[in-house]
Amino acid sequence: MVPKAPDNLLATEKDISAGPWKEAWRGFRKNKVALIGTFIVLFFIVVALIGPFLVPQGIDEQSISDKRLLPPSSQYWFGTDDFGRDIFSRIVHGARISLWVGFFSVIGSVIVGSILGIIAGYYGKCVDMIISRLFDILLAFPSILLAIAVVSVLGPSLQNALIAIAIINIPNFGRLIRSKVLSIKEEEYITSAKAIGMKDVRILFSHILPNSMAPVIVAGTLAIASAIIEAAALGFLGLGAQAPTPEWGKMLADARNHLRTAPWTMIFPGLAIMLTVLGFNLMGDGLRDALDPRMKN
């Protein structure tokens with residue numbers, strides 16, 4: 001009769017066979033704070049997708065004579081602004097805009113930064129020096145000032161704000177990928193791939209890039225939170241979304257003169273920004289703990 005293996009040994013073998021991504025997902029599910037952040041993020045994504053079809057009032061319906069600066073009520077859940085527009089409806093529509101800027105600016109940063117970082121780390125020498133100095137130049141400027149400069153050159157608009165936010169985040173992803181490539185390209189399986197004549201492009205995108213994605217996922221999640229704040233800051237300064245677009249930062253700028261008389265005009269857009277950023281930060285911290293082996297006990 002074959003002796004039965006101990007339960008703890010079977011559990012260990014099961015964890016090993018599960019793979020790193022399944023193990024990371026198992027660790028992420030155990031993090032209650034990260035799950036709260038994920039729930040917040042999913043909530044705002046659902047609001048952005050279906051909310052505009054369910055809001056009771058239009059985002060541009062103005063009535064200065066009888067609906068101006070009304071406090072929150074059963075009819076206007078978040079009150080009205082100085083043009084008599086329903087704040088709740090504008091915040092719901094603004095969720096789509098803020099998440100759109102956050103997601104696509106980070107996607108652009110990840111694509112460009114990853115390509116530059118892979119090239120710099122893999123080929124090294126003069127190519128690495130040129131790309132690294134480019135990253136250093138971009139990082140020498142405070143991010144918000146660089147974004148303001150880019151938007152000032154391109155012109156104030158939501159699309160140009162997205163481009164500016166993408167540009168200022170490129171060096172962060174580029175340096176992150178470069179550091180991973182420098183360590184991965186010395187691995188034995190990369191040397192073996194070169195020995196059998198595999199082309200550089202296939203090595204980069206089939207072996208090096210997939211093994212460098214874990215820190216990029218974490219950094220990208222946290223960068224979305226920063227991008228939302230930066231988009232709101234540009235909107236507040238009048239360099240992002242233009243009226244009457246219901247962008248949260250622009251709503252804060254329009255309401256700053258009514259802080260004492262109608263505080264709800266600033267409170268609710270501010271809460272929307274805070275909760276969205278908090279959700280992405282909590283989820284990003286959870287992903288970091290799950291994907292980074294150094295964070296595990």
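Everything that follows concerns the structure shown earlier in this document.
Residues numbered from 1 in each chain as written. Predicted model: local features only at pLDDT ≥ 70, side-chain atom pairs only at ≥ 80, totals over all residues. Heavy atoms only, no water.

A. Spatial organisation of the overall build of the protein chain. Secondary structure assignment for the protein chain yields 12 helices and 0 strands. Counting from the amino terminus, the protein chain carries its helices and strands in the arrangement α-α-α-α-α-α-α-α-α-α-α-α. Counting all 297 residues of the protein chain, 45% fall into the buried class. Excluding contacts between residues fewer than 6 apart, the proportion of contacts in the protein chain whose partners are at least 24 apart in sequence is 70%. (Helix = DSSP H or I, 4+ residues; strand = E, 2+ residues; numbered from the N terminus. Buried < 20%, exposed > 50% of the residue type's maximum accessible area, 1.4 Å probe, protein only. Contact = heavy atoms within 4.5 Å.)

B. The arrangement of the packing of helix α4 (residues 87-123) against helix α10 (residues 213-236) in detail. Where α4 meets α10, the closest approach of the two axes is 8 Å, and the angle between their N-to-C directions is 130°. Taken together, the axis directions place α4 and α10 in an arrangement best described as oblique. Here α4 and α10 pass one another in a crossing that is right-handed. On α10, the residues touching S98, L99, V101, G102, F103, S105, V106 and V110 of α4 are V216, G220, A223, I224, A227, I228 and A231. Residues belonging to the contact of α4 with α10 are distributed by class as follows: 11 nonpolar, 4 polar and no charged. (Axes fitted to C-alpha atoms, helices over the stretch in contact; angles between N-to-C directions. Parallel < 35°, antiparallel > 145°, perpendicular 65-115°, else oblique. Left-handed = near helix turned anticlockwise from the far one by under 90°. Nonpolar A, V, L, I, M, F, W, Y, C, P; charged D, E, K, R; others polar.)

C. The packing of aromatic side chains, seen in detail. The tally for this structure, following the rule as stated, stands at 8 aromatic pairs. Look at W77 and F88: their rings are 4.9 Å apart centre to centre, the planes differ by 55°, and that puts the pair in the tilted class. Residue W77 is located in the loop between α3 (32-50) and α4, and its partner F88 is located in helix α4; the two are separated by 11 residues in the primary sequence. Judged by its relative accessible area of 17%, F88 falls in the buried class. Ring geometry for F103 and F280: centres 5.9 Å apart, planes at 75°, overall edge-to-face. (Phe/Tyr/Trp six-rings, centres within 6.5 Å; stacked < 30°, edge-to-face > 60°.)

D. Main features of the environment of G174. Position of G174 relative to the elements: it lies in helix α7 (residues 158-184). Judged by relative accessible area, G174 falls into the buried class, the value being 0%. Once the C-alpha coordinates of G174 and L116 are considered, the two residues, 58 residues apart in sequence, prove to be 6.0 Å apart.

E. Structural detail: the nonpolar core. Formed by 69 residues in total, the largest nonpolar core has its most connected members in V106, I203, I208, L234, W248 and F280. Counting residues per element, this core draws most heavily on α4, which supplies 12 residues. Sequence-distant contacts of W248, defined by excluding residues within four places in its chain, comprise F44, I91, G94, A95, S98, P269, A272, I273 and T276. (Core = buried A, V, L, I, M, F, W, Y, C linked by side-chain atoms within 4.5 Å.)

F. Examining the environment of P246 more closely. Its place among the elements puts P246 in the loop between α10 and α11 (248-255). In this structure P246 comes out as buried when scored by relative accessible area, which is 6%. Along the chain, P246 and H93 lie 153 residues apart, while their C-alpha atoms are 6.5 Å from each other. Beyond its immediate stretch of four places on either side in the chain, P246 contacts I59, R90, H93, G94, I97 and M251.

G. Broad picture of the pattern of salt bridges. A full pass over the atoms with the stated rule returns 5 salt bridges. Between R178 and D128 there is a salt bridge; the shortest N-O distance is 2.7 Å. Of this pair, R178 sits in helix α7 while D128 sits in helix α5 (residues 125-139), and the two are 50 residues apart along the sequence. By relative accessible area, R178 is classed as partly exposed at 24%. We note a salt bridge from R133 to D136, for which the minimum N-O separation is 2.9 Å. Residue R133 and its partner D136 are both found in helix α5; the two are separated by 3 residues, about one turn of the helix. (Salt bridge = Lys/Arg side-chain N within 4 Å of Asp/Glu carboxyl O.)

H. Layout of empty space enclosed by the protein. Under the definition given, this model contains 1 cavity of 30 Å³ or more. Looking at the largest cavity, its volume works out to about 100 Å³. Considering the residues around the largest cavity, the lining is formed by L69, D81, D82, R85, I87, R90, M251, D254, A255, H258 and T265. Elements that contribute at least two residues to the lining of the largest cavity include exactly α4 and α11. For the lining of the largest cavity, the residue count by class is 4 nonpolar, 2 polar and 5 charged. (1 Å grid on protein atoms, 1.4 Å probe; cavity = no way out; pocket = protein on both sides within 12 Å on 5 of 7 lines; lining within 4 Å. Points joined across faces, edges and corners; volume = space filled by probe spheres on them.)

I. Representation of the side chain of S105. Inspection of the secondary structure puts S105 in helix α4. Among the polar contacts made by the side chain of S105, one reaches the main-chain carbonyl oxygen of V101 at a distance of 2.6 Å. The residues contacting S105, other than those within four sequence positions of it, are W100, L162, I165, A166 and A227. (Polar contact = N/O pair within 3.5 Å; in protein donor to acceptor, adjacent residues only side chain to side chain.)

J. Quick look at the side chain of S157. Among the secondary structure elements, S157 is positioned in the loop between α6 (143-154) and α7. Discounting chain neighbours no more than four positions away, the residues touching S157 are L239, G240, A241 and Q242.

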